[in-house]
Structures are given as C-alpha cells and as structure tokens.
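Structural overview
If you want the building blocks of each chain, they are given just below.
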Amino acid sequence: MSAEQPLTGRARPDRRPHTLKEWRKLGGYDAVERGLKTMTPEEVLDTVAAANLNGRGGAGFPAATKWRFMPKPGDAPGDGPSYFIVNGDEMEPGAFKDRILLEAVPHQLIEGAILAAYATYSSEIIVLIRDAYRDAIANMTRAIAEAEKAGYLGKNVLGSGFDVKMWVHPSAGRYIVGEETALIEALEGKRAVPRKRPPFPAQSGLWGRPTTVNNVETVSCVSHIVGNGAQWFRALSRTEEGGTKVFGVSGRVNKPQIIEAPMGTTAAELIERAGGVSGTGVLRCFQPGGGASGFLEPAEADIPLDFGHVAKAGSMFGTGTMIVLDESACPVGVIARHIAFYARESCGWCTPCRDGLPWVAQIMARLERGEGRMEDLQVLRDTVEIAGPRGRTFCDLMGGAMSPLGTGLARFGDLFEAHVREGCCPIARDYGRAVA
Amino acid sequence: MSLSKKLRSAITEAMEHHGGPRAAMLESLRMIQQEHGWVCDAHLEEAAALLGVTTAEMEDVATFYSLIFRQPVGEKVILLCDGASCYLNGAEDVRDAVMKRLGIGFGQTTPDGKYTLINICCVGGCDHAPAGVIGRNRKLVGPLTPDTIDQILGEDAK
Ligand SMILES: Cc1cc2nc3c(=O)[nH]c(=O)nc-3n(C[C@H](O)[C@H](O)[C@H](O)COP(=O)(O)O)c2cc1C
Ligand code: SF4
Ligand code: FES
C-alpha cells in the first residue's frame with residue numbers, strides 16, 4: 001500500500017462488512033463521540049470547511065458551503081425536521097466506487113452521516129440506494145440497526161441532546177433519480193422529475209423542509225476529518241482540494257479496479273496501477289470521471305486529477321472513475337453507447353433532452369453502421385452548441401450527455417468524418433469488434 | 001388474486017417507517033414485486049387502497065421506475081449491462097450469445113417462462129466487465145464471455 005487509504009483501507013477484500021463491535025475495535029465511532037461530545041455543530045462545519053472537502057458525486061461543490069445554507073433550529077419556517085440525504089444511486093457509466101463504500105464499510109458512512117446531520121441541524125437521515133445494489137441495501141440496513149441499538153442513532157445520542165433517525169430507501173431504477181432534486185421527488189413518492197431551482201433544497205427540499213444531499217463518498221470522508229483534523233485531511237491530497245479520492249479505472253485496462261489514492265494522482269499512475277492499457281497497449285484517450293466527462297488524450301495523462309485541474313483541461317472530474325480507451329477502441333462507438341444510455345434514462349421533461357437525445361442516438365447508430373452523412377456531423381455539432389450549455393435544460397443530464405460528444409467531435413473530428421467517408425467504423429474494420 | 005396478509009401488514013408498516021403513505025408507494029411496489037416477480041393491476045389497486053392514494057397515483061410511480069415490472073417476467077430476470085466499460089470488454093458479444101441461446105431479445109421472456117432478458121445501465125461492476133445482475137437478488141456476475149454464459153443461465157443464482 002502506497003499512501004494512506006482512510007476510506008477503503010479497512011474494507012475487507014471480500015467486502016464482508018464489519019459488525020459494530022469489530023468496527024469499534026478499528027476506532028469506529030470515536031469521531032462521532034468526539035464531534036458530538038466536544039464540538040458544536042458550527043465547529044464540525046468549520047472543520048469540514050477547513051478540510052476543503054469537495055462533493056464526490058460529480059459537481060465537486062464544497063460540502064461545507066452547501067451545509068451553511070441549512071437553517072439553525074428555530075430559523076426554519078414552520079414545523080418539522082430538516083433532512084440529510086445520502087445519495088447512493090450510482091448509475092453513471094463506469095462508476096463503481098460508491099458500491100464498495102456501501103457494501104464493505106457501512107459503519108463509516110453512518111459515522112459521517114451522523115456528523116453531517118449534526119452540522120446541518122438535521123434530525124432525519126435517508127440513504128437512497130439503487131435497486132441493483134442489494135448487498136449494499138442489506139449491509140446498510142443491518143449496520144443502521146446495530147448503530148441504533150448501541151445508541152449512536154436515536155434520541156439524545158451519547159447524551160449530547162442531539163436526536164437523529166436514519167433509514168434506507170431502496171430505489172427502483174432510472175439514472176435520473178440520482179439528480180438531487182429528482183431524488184427528493186422520488187422520496188416523496190413521485191416520478192423523479194427534477195425540480196426548478198430556486199428554491200434550493202436547503203430552503204425547501206424533502207416535504208418542503210430544509211434538505212442537504214451529499215454523495216456516499218463525500219459523507220464517508222466526514223468522520224475522518226472530524227477525527228483527525230482538517231490539516232491531516234488536506235495533507236492527504238497532492239493539490240489544494242482535500243483528501244484522498246476513491247478513483248476507478250475501467251474499460252481497456254488489464255486489471256480494472258477501485259484505487260484510493262491522493263487527490264491529484266495522475267491518470268498515467270492510475271492506469272499503471274490498474275495493470276496498464278489492455279488491447280493494443282497504447283492509450284488512445286480516456287474519460288476521467290464517468291460517462292458525462294469529456295475526453296482527454298495521452299498528453300493529458302499527467303495532469304493532477306482533481307476538480308480544478310480537470311476542468312481547466314476542458315473536461316470534468318465528475319465521479320473520478322475513469323474509462324480508458326486503447327488504440328483499438330473507437331470513441332465514436334463509446335459515445336454512441338453513452339448517448340443511447342442518456343436518451344433512455346432521461347426523465348422526459350424538457351424537449352432538447354427528451355427529443356434531442358433519441359435523435360442524436362439515431363445519428364450515432366447510423367454513423368457506426370457506416371450509413372452516416374456529412375450533414376449529420378453538423379447536426380451533432382449544432383446540438384452540442386444549442387443544448388449542451390448549462391442552463392438550457394432543466395437539469396444537467398443533457399449537458400452531461402453532450403460533453404463526451406462535444407469533446408469527441410472537437411478532438412476526433414477526423415474519425416467521425418472517416419466513418420462517413422469510408423462507410424464503416426475504420427477502427428472496427430482494422431481491429432475487429434469492441435473486445436479487449 | 002389478493003395480497004397476502006404478510007404483505008398487507010408490511011405495506012402498512014412501510015407507511016410509518018418511510019414517512020407517510022406517499023413515501024411508502026415505491027417501497028410497497030418493490031415488496032409486491034419481490035414476492036410475486038411483477039406488479040399486476042389487482043395488486044397495484046389493492047396497495048393503493050391500503051395506502052389511501054389513488055390507483056392513478058400508484059400507476060404514475062409504477063411506470064416511471066424502470067425496475068418495477070408491470071408485466072409478468074420469467075423466473076429469472078437477467079439484466080445485462082450495456083455501459084461503456086462493459087462494451088469495451090466485449091459486452092455485445094455476450095449479449096448476442098445470450099440472445100441466440102435464449103431466442104429472445106431485450107425486454108422479452110422465453111416462451112417457457114424461465115428467463116427475461118433486459119438491458120441495464122452500468123451496474124457498478126466495471127471491474128468485472130462485461131457484467132450483469134441476475135435473479136431476484138440481483139446477484140452481480142462477470143466477467144462474462146460468450147463461452148461462459150452458462151454461468152448466468154445456470155442454477156447457481158435464482
Ligand atoms: C442526471 C444526474 C444524475 C446524478 N446521479 C448522481 C448519483 O447517482 N449519485 C450522486 O451522488 N450524485 C449524482 N448526481 C449529482 C447530484 O445531483 C448531487 O449534485 C450530488 O448528489 C451532491 O453530492 P456531493 O455534493 O456530495 O457531490 C447526479 C446529477 C445529475 C444531473
Ligand atoms: S435535462 Fe433531461 S433529465 Fe434533466 S430535466 Fe430535462 S428532460 Fe429531464
Ligand atoms: S459499465 Fe458495465 S458494470 Fe459499469
């Protein structure tokens with residue numbers, strides 16, 4: 001093991017979760033005791049702010065900044081609880097990092113959630129987990145019951161006067177549920193169509209109450225920050241953004257895997273640790289953070305991977321789970337799969353997304369079959385330009401779908417044209433169908 | 001066909017546990033499906049009545065979430081990942097092999113009622129690509145190859 005791995009270091013290789021007793025022996029819940037017994041909610045929040053913890057769900061928004069929007073008790077209008085929601089819907093293509101945190105180290109997430117709820121004056125914690133993660137649902141449910149029995153959840157936790165409930169809400173499919181306002185609709189028993197903002201969830205979220213939504217990995221960091229301090233957390237990272245990152249490397253690599261490493265680790269290092277590029281062994285390009293992140297090329301394999309640096313390179317760090325393509329893999333084919341996915345998983349609320357994505361999907365399929373026309377490429381460019389920018393659609397699904405397409409067209413325009421000119425996928429022709 | 005006593009009380013319990021009748025709708029549908037494999041009209045109506053919501057509201061939810069099945073499915077549901085990492089590792093060859101073997105396409109059930117085949121987005125098993133999740137407990141399987149699809153059709157995971 002190279003550096004410290006606070007998030008995954010205690011996970012067992014077979015992902016069998018710890019009992020509460022085992023977890024306690026590993027130092028579990030010490031941070032909860034420390035936070036609730038010796039710190040005010042404001043002090044917990046300030047510590048997380050000083051740690052520079054950016055949200056790990058895709059957008060990289062600073063966690064503490066989001067938390068500061070939550071009203072103090074008495075300041076929220078009306079009666080009722082504030083909610084802290086953990087987003088475990090993970091469905092982004094190429095993302096498989098939250099799964100291990102939910103399955104193997106559920107108590108770590110509970111610890112973080114208790115502290116986060118404390119800092120946001122929330123008395124109810126809901127963990128939404130996608131249907132396909134049955135082990136995660138079972139392990140989380142069991143761990144919550146243990147924590148409740150031991151008095152870490154419930155009324156007057158550890159004599160601090162803080163009351164908090166926690167439960168799991170299993171979802172039932174569809175990627176759009178992961179969008180935070182769609183997720184709130186889902187919890188209210190509705191179709192998961194994103195909400196208009198403002199109001200933001202901290203003002204009016206679940207059942208109209210103040211609500212914060214954070215990603216599983218973000219929440220899993222919190223107990224470590226409270227337990228070891230902001231400076232320690234920042235020192236884990238190679239850049240300004242604090243902590244380690246649970247990276248994922250998949251696609252054309254020899255040993256696809258989850259790798260927890262310092263924030264700022266490079267793609268080249270991660271690919272090497274994942275056994276190197278498979279197929280031809282020569283890297284063509286990669287998406288640094290899931291299906292909605294723009295393509296980067298070998299020359300960019302040495303930039304430090306964090307939200308700031310990757311954005312500067314014209315892509316998005318997103319989920320931090322990279323998809324690797326070797327020379328024998330066709331980016332046009334990968335984009336076609338992504339677009340088909342986003343078209344299928346859209347909520348259908350706004351026209352550019354509902355009608356535009358299936359249209360783009362048809363064009364991509366046509367290109368792959370070798371039946372594309374040069375005019376098609378202009379339609380693709382126009383769609384990226386018109387519907388891609390933030391704010392043109394109700395949520396970021398459409399923008400996310402357009403980013404691999406837009407960067408693909410910009411970086412591999414000649415390859416798109418070759419599909420039309422040569423009447424086939426030139427890469428599939430030369431190397432065969434997409435198999436590593 | 002009406003809901004079992006056990007399911008009826010589980011639905012009533014879910015109402016308290018999940019924060020009210022509306023919030024318990026999806027959980028109720030999930031529980032019905034877990035027991036019966038899919039959600040038929042009669043069960044949907046009965047659950048709606050129990051929760052005190054309209055059938056239309058229940059239907060509204062049931063038809064949005066892609067893994068609530070509103071038509072009968074086979075004994076074993078095979079969900080094959082069509083995400084990019086799986087695609088890059090030969091998912092389409094596996095897909096073709098499964099389709100050929102079962103004689104059905106995505107969204108279809110074999111005439112003997114044994115298997116239903118569905119495509120699904122990334123199942124969080126990119127380190128086992130090409131992957132899928134199978135059976136009522138959504139067991140993760142992979143890496144799959146056209147030669148080892150017996151693994152997912154076999155008896156090891158119901
Ligand atoms: C279409 C769409 C799907 C999303 N899916 C997820 C998801 O599965 N998990 C997640 O944590 N965030 C997802 N997000 C981001 C959430 O909206 C939200 O920003 C995030 O949960 C906040 O957590 P963080 O600040 O800790 O990153 C999605 C966003 C969009 C637009
Ligand atoms: S962009 Fe797509 S997914 Fe997002 S709200 Fe509009 S239609 Fe729904
Ligand atoms: S892309 Fe298939 S499991 Fe992730």
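Residues numbered from 1 in each chain as written. Chains lettered and ligands numbered in written order. Predicted model: local features only at pLDDT ≥ 70, side-chain atom pairs only at ≥ 80, totals over all residues. Heavy atoms only, no water.

An unreviewed UniProt entry annotates chain B as NADH-ubiquinone oxidoreductase chain E originating from Roseicyclus elongatus DSM 19469.

Chain A is annotated in an unreviewed UniProt entry as NADH-ubiquinone oxidoreductase chain F of Roseicyclus elongatus DSM 19469. The heading Sequence similarities (unreviewed entry) in the UniProt record of chain A holds the text "Belongs to the complex I 51 kDa subunit family." (UniProt positions renumbered as here; feature names shortened; annotations may be inferred.)

Let us now look at the site of ligand 1. Residues and elements named next belong to chain A. Among the 18 residues in the neighbourhood of ligand 1, the closest are listed as Gly 57, Glu 180, Asn 214, Asn 215 and Thr 218. In this structure, an oxygen atom belonging to ligand 1 sits 3.0 Å away from a side-chain N or O atom of Asn 87. The protein chains hide 88% of the 620 Å² of surface that ligand 1 would expose on its own. A total of 3 residues in the shell around ligand 1 trace back to one element, the largest contributor, which is strand E4 (residues 211–215). Looking at side-chain class alone, the shell around ligand 1 contains 4 nonpolar, 7 polar and 7 charged residues. (Near = heavy atom within 4 Å. Polar contact = N/O pair within 3.5 Å; in protein donor to acceptor, adjacent residues only side chain to side chain. Areas by Shrake-Rupley, 256 points an atom, 1.4 Å probe, with all protein chains shown as cover. Helix = DSSP H or I, 4+ residues; strand = E, 2+ residues; numbered from the N terminus. Nonpolar A, V, L, I, M, F, W, Y, C, P; charged D, E, K, R; others polar.)

Residue and element names in this part refer to chain B. Sequence positions flagged by UniProt for "binding site: [2Fe-2S] cluster" (unreviewed entry) are, in local numbering, Cys 81, Cys 86, Cys 122 and Cys 126. The greatest C-alpha distance among the annotated residues, which extend across 46 residues, is 9.3 Å, indicating that they converge on a single site. Within the element layout of this structure, Cys 81 appears in strand E1 (residues 76–81). Those residues in contact with Cys 81 that sit more than four places away from it in its chain are Cys 86, Ala 91, Ile 120, Cys 121, Cys 122, Val 123, Ala 131 and Gly 132. Looking at the secondary structure, you find Cys 86 in helix H5 (residues 84–87). Setting aside residues up to four positions removed in sequence, Cys 86 forms contacts with Cys 81, Ala 91, Ala 129, Pro 130 and Ala 131. (Contact = heavy atoms within 4.5 Å.)

On to the pattern of salt bridges, then. Going through the model one piece at a time under the given rule, you end up with 49 salt bridges over all chains. A salt bridge links Arg 22 of chain B to Glu 57 of chain B; the shortest N-O distance between them is 3.0 Å. With Arg 22 of chain B in the loop between helix H1 (5–17) and helix H2 (25–36) and Glu 57 of chain B in helix H4 (residues 55–62), this pair connects stretches of sequence that are 35 residues apart. Members of the salt-bridge network, linked through shared partners, are Arg 56, Lys 97, Asp 98, Glu 217 and Lys 245 of chain A. (Salt bridge = Lys/Arg side-chain N within 4 Å of Asp/Glu carboxyl O.)

Residue and element names in this part refer to chain A. Structurally, the position occupied by Thr 266 is in the loop between strand E6 (257–262) and helix H11 (267–273). Overall, Thr 266 belongs to the buried group, its relative accessible area being 10%. Along the sequence, Thr 266 and Ala 301 sit 35 residues apart, while their C-alpha atoms lie 6.3 Å from each other. Not counting residues within four places of it along the chain, the set of residues in contact with Thr 266 comprises Arg 238, Ala 301, Asp 302, Ile 303, Pro 304 and Leu 305. (Buried < 20%, exposed > 50% of the residue type's maximum accessible area, 1.4 Å probe, protein only.)

Moving on: the packing of H2 of chain B against helix H3 (residues 41–51) of chain B. Residues and elements named next belong to chain B. Two elements in contact, H2 and H3, have axes separated by 11 Å at closest approach and are oriented at 140°. The handedness of the crossing between H2 and H3 is right-handed. Taken together, the residues of H3 that come into contact with H2 (itself represented by Met 25, Ser 28, Leu 29, Ile 32 and His 36) are His 43, Leu 44, Ala 47 and Leu 51. The residue makeup of the contact of H2 with H3, split by class, is 6 nonpolar, 3 polar and no charged. (Axes fitted to C-alpha atoms, helices over the stretch in contact; angles between N-to-C directions. Left-handed = near helix turned anticlockwise from the far one by under 90°.)

Let's shift gears to the sheet that holds strand E1 (residues 83–88) of chain A. Residue and element names in this part refer to chain A. With parallel pairing, the 4 strands of this open sheet are ordered in space as E3-E2-E1-E4. The strands lining the two open edges of the sheet, one partner per strand, are strand E3 (165–170) and E4. The sheet shows a mean angle of 20° between the axes of neighbouring strands, direction not considered. For E1 and strand E2 (residues 124–129), the ladder comprises 6 bridges, and the chain directions are parallel. The residue of E2 that forms the bridge with Gly 88 is Ile 129. Docked against the sheet, helix H8 (residues 180–187) engages E1, E2, E3 and E4, running at close to 110° with respect to E1. (Pairing = 2+ DSSP bridges.)

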